[in-house]
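Descriptive analysis of the structure
Listed below are the residues making up each chain.
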Amino acid sequence: MVPIPRQCPNCVGHATARVERLGALEVLLQHVRGIGPDCYDLFRCPGCELIYLSPLPPQEVLDALYIHSSQFDCPEYQGDQAVHVLRNHRLWLDAVRARPPLCHMSNRWVRAFLRRLPIRRKVRSVLEVGSGLSWMCRAAKSVNPETITVAQDISSEASASCPWVDHFVIGSLDFRYEEIRSLAPFQLISMSHVIEHLLDPVHVLRMCSNLLHSKGVLFISAPSRPEGWTVSSSIEIWRNWELNQNPAHLQYFNKRSMERCARQSGLWLLNYEANQDAFIAWLGHVPRFRLW
Ligand SMILES: [Zn+2]
């Protein structure tokens, strides 16, 4: 029997053609095996080209993924390997694609990033959404010690080990929105490898839009598609993709779906750069850089 897909989370309120089923993905993450479904289906929205998982994982799976497990005590985030990467990586798209995403780790990377932003003066306020170890806050603080850094994460795992964060807010953006809003507006909001985990990405981007300075930038990085994938590819390419973290990744954007998500949330897609199977995007309140 063909499963009924959930609606494309990017196209609520839009009439779209029938979504295309790409195939079934088995649950890969050991600590959620046996809690929810054994398999999830992957669908593609022909309207915005978002590729997304259906059904959504039940709450106990989400809790097991983000609340009752540790994410940052592995060698990739701690110890010699992280130090080596901090000192050596240079290319920011490589940094976006690396495992774990390294774009928040290097002060050099953040300096290069900040120079490219359409903000003439120094960044003075940063919000890191789904911050984990809050490396963007750390780098921004290092570049300019006057920067006010705010980090939000649903897990408290990393909150005690981020002295570079001025305000570490634990809980969902929805739940802690008023508290975070009292610290807004932010010139830079960062979501690194977060949007693919969100149950309702448009809703979260709308909140970010309300928190973003009129001349600020929302930075997003995320996995996109397996390298070489086309609409006629077999589901095997997804099963073998190293960024397949079923069921943690709920959707995969490309330029078109990122554009739709930005407009749905009252923002403009200012910049989109893809590298192999990941991308970075900058969103803002006005459609062109030159308006700054
Ligand atoms: Zn869509």
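Coordinates for the structure precede this section.
So, here's what we can say about the structure. Keep in mind the model is a prediction, meaning the values are calculated, not measured.

**A word on the packing of helix α7 (residues 201-211) against helix α9 (residues 255-264)**
Taken N-terminus to C-terminus, the directions of α7 and α9 make an angle of 55°; their axes are 8 Å apart at the nearest point. In terms of axis orientation, α7 runs oblique to α9. Read as a crossing pair, α7 and α9 show a hand that is right-handed. Between α7 and α9, the residues in contact are Pro201, Val202, Leu205 and Arg206 and Met258, Cys261 and Gln264, respectively. Looking at the contact of α7 with α9, its residues break down into five nonpolar, one polar and one charged.

**Structural notes on the packing of aromatic side chains**
According to the stated counting rule, one finds six aromatic pairs in the structure shown. Relative to Tyr52, the ring of Phe43 has its centre 6.3 Å away and its plane inclined at 35°; by these criteria the two rings are tilted. Each member of the pair, Phe43 as well as Tyr52, carries the same accessibility label: buried. Ring centres 5.2 Å apart and planes at 55° place the aromatic pair Trp238 and Tyr252 in the tilted group. Of this pair, Trp238 sits in helix α8 (residues 236-239) while Tyr252 sits in strand β9 (residues 251-252), and the two are 14 residues apart along the sequence. Note on Trp238: relative accessible area 1%, which makes it buried.

**What about the pattern of salt bridges?**
Applying the stated criterion across every chain yields a total of eight salt bridges. Residue Arg239 pairs with Glu26 through a salt bridge whose shortest N-O separation is 3.5 Å. With Arg239 in helix α8 and Glu26 in strand β1 (residues 20-26), the pair connects residues that are 213 residues apart, well separated along the chain. You can call Glu26 partly exposed: its relative accessible area is 36%. Between Arg239 and Glu236 there is a salt bridge whose closest N-O contact spans 2.6 Å. You can see Arg239 and its partner Glu236 sitting in helix α8, three residues apart, about one turn around the helix. On the basis of relative accessible area, Arg239 is assigned to the partly exposed category, the value being 27%. Residue classification places Glu236 among the partly exposed positions, given a relative accessible area of 39%. Salt bridges linked by common partners bring Glu26, Glu236 and Arg239 together as one network.

**Describing the sheet that holds strand β8 (residues 212-223)**
Spatially, β6-β5-β4-β7-β8-β11-β10 is the arrangement adopted by the seven strands of the open sheet, whose pairing is mixed. Strands at the two margins of the open sheet, each flanked by one partner only, are β6 (167-170) and β10 (268-275). Averaged over all pairs of adjacent strands, the angle between their axes in this sheet comes to 15°, without regard to strand direction. Summarising the sheet, strand β7 (residues 186-192) and β8 pair through six bridges and their orientation is parallel. Along β8, the bridge assignment pairs Ile189 with Leu218.

**Quick look at the pairing of strand β11 (residues 278-284)**
A regular strand places its side chains so that they alternate between the two faces of the sheet. The buried fraction of β11 amounts to seven of the seven residues, a majority that puts the element mostly inside the structure. On β11, burial covers both faces: Ala278, Ile280, Trp282 and Gly284 on one face and Phe279, Ala281 and Leu283 on the other are all buried. Taking the residues between adjacent antiparallel strands as the criterion, β10 and β11 are bridged by two residues, where Gln276 takes a positive phi near 55°.

**Considerations on the coordination of the zinc ion**
Taken together, the protein donors to the zinc ion comprise Cys8 (SG), Cys11 (SG), Cys45 (SG) and Cys48 (SG), at separations of 2.2 to 2.4 Å. In this structure, the zinc ion is coordinated by four donor atoms arranged in tetrahedral fashion, with angles at the metal of 105 to 114°.

**Let's talk about the pairing of strand β5 (residues 148-153)**
Burial of β5 is extensive: five of the six residues sit out of reach of the surface. Note: strand β4 (residues 125-129) against β5, five bridges, orientation parallel. Along β5, the bridge assignment pairs Ser125 with Ile148.

**Topic: the side chain of Asn254**
Note that Asn254 resides in the loop between β9 and α9. A relative accessible area of 13% means that Asn254 is categorised as buried. Of note is the side chain of Asn254, whose polar atom sits 2.8 Å from the side chain of Glu49. Dropping the residues within four chain positions of it, Asn254 is found in contact with Cys48, Glu49, Ser224, Arg225 and Tyr272.

What counts, and at which threshold
Residues numbered from 1 in each chain as written. Predicted model: local features only at pLDDT ≥ 70, side-chain atom pairs only at ≥ 80, totals over all residues. Heavy atoms only, no water. Axes fitted to C-alpha atoms, helices over the stretch in contact; angles between N-to-C directions. Helix = DSSP H or I, 4+ residues; strand = E, 2+ residues; numbered from the N terminus. Parallel < 35°, antiparallel > 145°, perpendicular 65-115°, else oblique. Left-handed = near helix turned anticlockwise from the far one by under 90°. Contact = heavy atoms within 4.5 Å. Nonpolar A, V, L, I, M, F, W, Y, C, P; charged D, E, K, R; others polar. Phe/Tyr/Trp six-rings, centres within 6.5 Å; stacked < 30°, edge-to-face > 60°. Buried < 20%, exposed > 50% of the residue type's maximum accessible area, 1.4 Å probe, protein only. Salt bridge = Lys/Arg side-chain N within 4 Å of Asp/Glu carboxyl O. Pairing = 2+ DSSP bridges. Donors = N, O, S within 2.8 Å, 3.2 Å for Na, K, Ca; no water. Tetrahedral: all angles 85-135°; square planar, octahedral: opposite > 155°, others 65-115°. Polar contact = N/O pair within 3.5 Å; in protein donor to acceptor, adjacent residues only side chain to side chain.

By themselves, these are just geometric observations and shouldn't be taken as functional.
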